[in-house]
Amino acid sequence: MTKIYPQNRDRFAPERSKRKIKKTWIFIFAVLALLGATNGEARNFAVKTIVIATSPVFNFSRFVAEKKDNVFFLFKNKQSLDEELNYLRERNIELENEIILLESAKKENEELKILLSRPDKKSYILGSIVSRPPQSPYDMIVLDAGSDNGVKQGMRAIAYGSVLIGHVVEVFPYASKIKLVSYPGEETNLIMENAKISAIGLGLGGGNIEVKIPGSVKINSGDKIITEGAFHHLLGTADKIEADALNPFQKIIFRMPVNLNELQKIGLEK
Amino acid sequence: MRERIITDVFVFCLFFWAPWWWTAAAVIVFIILFENYWEGAALALIADSFYSLPEISFWRGFGFFTLSSLLILYASSFAKSKIKIL
């Protein structure tokens, strides 16, 4: 008969208790996550608590990223800076010429809006980007402006004063989440400017938007796409056109006209 | 312990400055390498809070990253107990 010593019997006790603690933790985390996934109020409470607690760290990371860019700029070589400067000079002349044309159109637009009692005075709340794609897994931006700064859910997010990039979906005291127009499944009403046809843009993710319009409408690559409504914002320019003789509809795919990696601040339309 | 702290700092830096798939890959690797890598689940909870939408959808809603990390944590510890390599 084999004799079982008491020390041998309890040899696995610490292992068992360790496993028990681990199971308890997994259970607690899983219950929290499931509760948040299925119950709106529980989710809002958990999200608000975590976002408020971790916002300072996110703000600090943004500060460090900005400083890092400034330091790296010092080490850029002279030739590449020269090339960049020349390109920017040429682009500046180009844009100055465009502005001259746009000034008259803008003046006319303002006069027409005054005639129609729709003054074009928009004010914005400015926010700095805390997190953006590809750090965020979906087409979403986190801003450092929140309800304490007057941000409200549904506000439109505008870049460079004229480009619509998304709208506010969730607001916290010091932060807010912006769902980009390219968020998968997000629908945006738009107008193909040259063809004068309205359509619905469907977000595809990764900054891409798809529009389906009748195949008989003539669209060229580079045609402007703007938002519907009294005050138009730029959404992008037609990039890839997929037309098929067998399909009554043609598919237009375009990208947001802003580089999210270079974008620092966003205006939220009041 | 020292390696674990260095790893934690590294993963948190990735979370704030690198594309999300780098962080996800690093967390999976560290869950396999370390025992009870709870930091991964905590990070997933933060990611869920920051990037989930109010809509109730599993794929883009709250809980996707947290539940996935817990599943990997459990599967990895189960596999380790069976194969006794790590």
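Remember, predicted model here, so these are calculated numbers, not experimental data.

Re the confidence of the model for chain B
Do not read the predicted coordinates in detail wherever pLDDT is low. Residues and elements named next belong to chain B. For chain B, the mean per-residue pLDDT works out to 86, and 92% of the residues sit at or above 70. For chain B, the element scoring lowest by mean pLDDT is helix α4 (residues 64–83), at 87; helix α2 (residues 20–33) scores highest, at 92. Reported for the predicted complex are a pTM of 0.75 and an ipTM of 0.81.

So, the packing of helix α1 (residues 2–17) of chain B against α2(B)
All names here are of chain B. The N-to-C vectors of α1 and α2 enclose an angle of 160°; their axes lie 8 Å apart at closest approach. If you check the angle between α1 and α2, you find them roughly antiparallel. Crossing handedness for the pair α1 and α2: left-handed. Across the interface between the two elements, Thr 7, Val 11, Leu 14 and Phe 15 from α1 touch Trp 22, Thr 23, Ala 26, Val 27 and Phe 30 from α2. Considered class by class, the residues forming the contact of α1 with α2 number 7 nonpolar, 2 polar and no charged.

Regarding the interface of chain B and chain A
If you look at the interface, chain B gives 27 residues, while chain A gives 30 residues. The element contributing the most residues to the side of chain B that touches chain A is helix α3 (residues 38–51) of chain B, with 7 residues. Of the residues in the side of chain B that touches chain A, the class split is 19 nonpolar, 7 polar and 1 charged.

Structural notes on the nonpolar core
Counting 59 residues, the largest nonpolar core has A:Leu143 and A:Ile165 as its most contacted members. The element that contributes the greatest number of residues to this core is α3(B), accounting for 7 residues. If we skip the residues at most four places from it in the chain, A:Ile165 touches A:Ala157, A:Ala159, A:Leu180, A:Val181, A:Met256, A:Val258 and A:Ile266.

Notes on the confidence of the model for chain A
In the predicted model, chain A carries a mean pLDDT of 82, and the fraction of residues at 70 or more is 91%. Ranking the elements of chain A by mean pLDDT puts helix α1 (residues 6–9) of chain A last, at 53, and strand β5 (residues 176–180) of chain A first, at 93.

Describing unusual backbone geometry
As a rule of thumb, non-glycine residues mostly have phi less than zero, and peptide bonds are mostly trans rather than cis. All names here are of chain A. Across the junction of Pro 133 and Pro 134, the peptide omega takes the value 10°, indicating a cis bond. Along the polypeptide, Pro 134 turns up in the loop between β1 (124–131) and β2 (140–143). Phi at Tyr 160 is positive, roughly 55°, even though this residue is not glycine. Mapping Tyr 160 onto the fold places it in the loop between β3 (156–159) and β4 (163–171). Note on Tyr 160: 13 C-beta atoms within 10 Å, which makes it partly exposed. In this model, Lys 196 sits at a positive phi of 55°, which is unusual for a non-glycine residue. The topology assignment puts Lys 196 in the loop between β6 (187–192) and β7 (197–205). Take Lys 196: there are 8 C-beta atoms within 10 Å of it, and that puts it in the exposed class.

Scoring rules and cut-offs
- Residues numbered from 1 in each chain as written.
- Chains lettered and ligands numbered in written order.
- Predicted model: local features only at pLDDT ≥ 70, side-chain atom pairs only at ≥ 80, totals over all residues.
- pLDDT = per-residue confidence, 0-100.
- Helix = DSSP H or I, 4+ residues; strand = E, 2+ residues; numbered from the N terminus.
- Axes fitted to C-alpha atoms, helices over the stretch in contact; angles between N-to-C directions.
- Parallel < 35°, antiparallel > 145°, perpendicular 65-115°, else oblique.
- Left-handed = near helix turned anticlockwise from the far one by under 90°.
- Contact = placed C-beta atoms within 7 Å.
- Nonpolar A, V, L, I, M, F, W, Y, C, P; charged D, E, K, R; others polar.
- Core = buried A, V, L, I, M, F, W, Y, C linked by C-beta atoms within 7 Å.
- Buried ≥ 20, exposed ≤ 12 C-beta atoms within 10 Å, placed from the backbone.

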